[in-house]
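The residues making up each chain are set out below.
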Amino acid sequence: MRLLVIEDDPLIARSLEHALAPLGNTVEAFATRAEARAALAHDCFDLVLLDLGLPDGDGLELLAELRDRGDTTPVLILTARDAVDDRVSGLDLGADDYLAKPFSIAELEARVRALLRRSQQRSDNRLRHGPLAFDPATGSASLEEAPLELPRRELLLVEGLLLHAGSIAPREALERRLFGFDEVGTNALEVYVSRLRKRLKGSGLRIRTFRGLGYRLEDDAG
């Protein structure tokens, strides 16, 4: 999944990235409200982890801005403010969950998995389409129930396609998932799509190209 961490404490931000990235997530971290606002205005994320005490303003104001413009991205508030009134304010403004500092990394990981499941209306952690599956909790993929050993970016591509299975996965969203905010060549994404196509050959699945739009994972007969 693609996660946005908004946290001004560099130690906590690094800890969050170290905990969540190995689970198959791409983690982008920003320390200010202005940086996070710019990232959210130009990109899509699967989950936002939001600190409230930011150096250039209150995180609750950023949350209110998101919800006011109809952005339904799940938001998990991470903050030292643990009073009941603070929790109520955050939840009433549209936060999906609230975790007070200090917190257990294991609990954080479980809450992240639960929010992602809920946002995608899944009963478990796995994303599936036909014989292809991806488990965000372990960062692993399988094809016809057999482990599918893939490099990290191919795993991210599998995840991105499965999140949009049956519909077009936007090219820009896939590029951000695989490469973050790094500059990439015009054919960088195609290289990974081509590699994944070869791995799926004979599985009954194909990756269909929609020029100028993106890619869709679909059945060969579709």
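Computed from a predicted structure; not experimentally measured. (Residues numbered from 1 in each chain as written. Predicted model: local features only at pLDDT ≥ 70, side-chain atom pairs only at ≥ 80, totals over all residues. Heavy atoms only, no water.)

Engineer: Mind showing me how you'd approach the packing of aromatic side chains here?
Structural biologist: Remark: the centre distance and the inter-plane angle together describe each pair of aromatic rings, the angle taken between the planes. Going through the model one piece at a time under the given rule, you end up with one aromatic pair. Over the aromatic face of Tyr-192 sits the side chain of Arg-195, whose NZ or CZ is 5.0 Å from the ring centroid. (Phe/Tyr/Trp six-rings, centres within 6.5 Å; stacked < 30°, edge-to-face > 60°. Lys NZ or Arg CZ within 6 Å of the ring centre and 35° of its normal.)

Engineer: How should the nonpolar core be read in this particular structure?
Structural biologist: Where a protein is soluble and globular, its nonpolar side chains tend to be buried together. Membership of the largest hydrophobic core comes to 42 residues, with the highest contact counts inside it found for Leu-49, Val-112, Leu-132, Leu-157 and Leu-161. Setting aside residues up to four positions removed in sequence, Leu-161 forms contacts with Ala-169, Leu-174, Leu-196, Ile-207, Tyr-215 and Leu-217. Counting residues in each nonpolar core, the second largest holds 19 residues, with Leu-4, Ile-6, Leu-52 and Ala-95 among its members. (Core = buried A, V, L, I, M, F, W, Y, C linked by side-chain atoms within 4.5 Å. Buried < 20%, exposed > 50% of the residue type's maximum accessible area, 1.4 Å probe, protein only. Contact = heavy atoms within 4.5 Å.)

Engineer: Honestly, the environment of Arg-37 in this entry has me stumped. Any pointers?
Structural biologist: The residue Arg-37 is located in helix α2 (residues 33-42) in this model. Looking at Arg-37, the relative accessible area reads 30%, which means it is partly exposed. Spatially, the C-alpha atoms of Arg-37 and Ile-6 are 9.8 Å apart, while their sequence positions differ by 31 residues. If we skip the residues at most four places from it in the chain, Arg-37 touches Leu-62 and Glu-65. (Helix = DSSP H or I, 4+ residues; strand = E, 2+ residues; numbered from the N terminus.)

Engineer: For this particular structure, what's the right way to read the pattern of salt bridges?
Structural biologist: Note on pairing: side chains with opposite charge can pair once their charged atoms come close. Under the counting rule described, the total for this entry stands at 20 salt bridges. Residue Asp-43 is joined to Arg-2 by a salt bridge in which the shortest nitrogen-to-oxygen separation is 2.9 Å. Linking Asp-43 in the loop between α2 and β3 (47-50) with Arg-2 in strand β1 (residues 2-6), this pair joins segments that are 41 residues apart in sequence. This pair shows no difference in class: Asp-43 is buried, exactly as Arg-2 is. Among the salt bridges present, the one from Arg-206 reaches Glu-218, with a minimum N-O distance of 2.7 Å. Residue Arg-206 is found in strand β13 (residues 205-210), and its partner Glu-218 is found in strand β14 (residues 214-219); the two are separated by twelve residues along the sequence. Through salt bridges with shared partners, a single network forms among Arg-2, Glu-28, Asp-43 and Arg-176. (Salt bridge = Lys/Arg side-chain N within 4 Å of Asp/Glu carboxyl O.)

Engineer: Would you mind showing me how to read the sheet that holds strand β9 (residues 132-135) here?
Structural biologist: The strands that make up a sheet are held in pairs by hydrogen bonds between backbone atoms, and each pair lies either parallel or antiparallel. Taken in spatial order, the four strands make up an open sheet running β8-β9-β10-β11, and their pairing is antiparallel. Lying at the two open borders of the sheet, with one neighbouring strand each, are β8 (127-129) and β11 (146-148). Here the average twist between neighbouring strands, direction ignored, is 25 degrees. Docked against the sheet, helix α6 (residues 152-163) engages β8, β9 and β10 (140-143), running at close to 110 degrees with respect to β9. (Pairing = 2+ DSSP bridges. Axes fitted to C-alpha atoms, helices over the stretch in contact; angles between N-to-C directions.)

Engineer: Please explain unusual backbone geometry as it appears in this structure.
Structural biologist: Cis rather than trans, the peptide bond between Lys-101 and Pro-102 has omega equal to -10 degrees. Take Pro-102: it is sitting in the loop between β7 (97-100) and α5 (105-119). For Glu-144, which is not glycine, the phi dihedral falls at a positive 55 degrees. With respect to the element layout, Glu-144 can be found in the loop between β10 and β11.

Engineer: In this structure, what is going on with the environment of Leu-4? I would like to understand it.
Structural biologist: Here Leu-4 is to be found in strand β1. Exposure remark for Leu-4: the relative accessible area of 0% places this residue in the buried category. Ignoring any residue separated from it by four or fewer positions in sequence, one finds Leu-4 in contact with Glu-28, Phe-30, Ala-36, Leu-40, Phe-45, Leu-47, Val-48 and Leu-49.

Engineer: Would you mind going over the layout of surface pockets with me for this structure?
Structural biologist: Where empty space is left becomes clear once a probe the size of a water molecule has been rolled over the atoms. The space that makes up the largest pocket amounts to roughly 260 Å³. As for the largest pocket, its lining consists of twelve residues, of which Cys-44, Asp-46, His-164, Ala-173 and Arg-177 are closest to the centre. Elements supplying a minimum of two residues to the lining of the largest pocket: α6 and α7 (171-179). Examining the composition of the lining of the largest pocket, we find that three residues originate from one element, α7, more than from any other. Looking at side-chain class alone, the lining of the largest pocket contains six nonpolar, three polar and three charged residues. (1 Å grid on protein atoms, 1.4 Å probe; cavity = no way out; pocket = protein on both sides within 12 Å on 5 of 7 lines; lining within 4 Å. Points joined across faces, edges and corners; volume = space filled by probe spheres on them. Nonpolar A, V, L, I, M, F, W, Y, C, P; charged D, E, K, R; others polar.)

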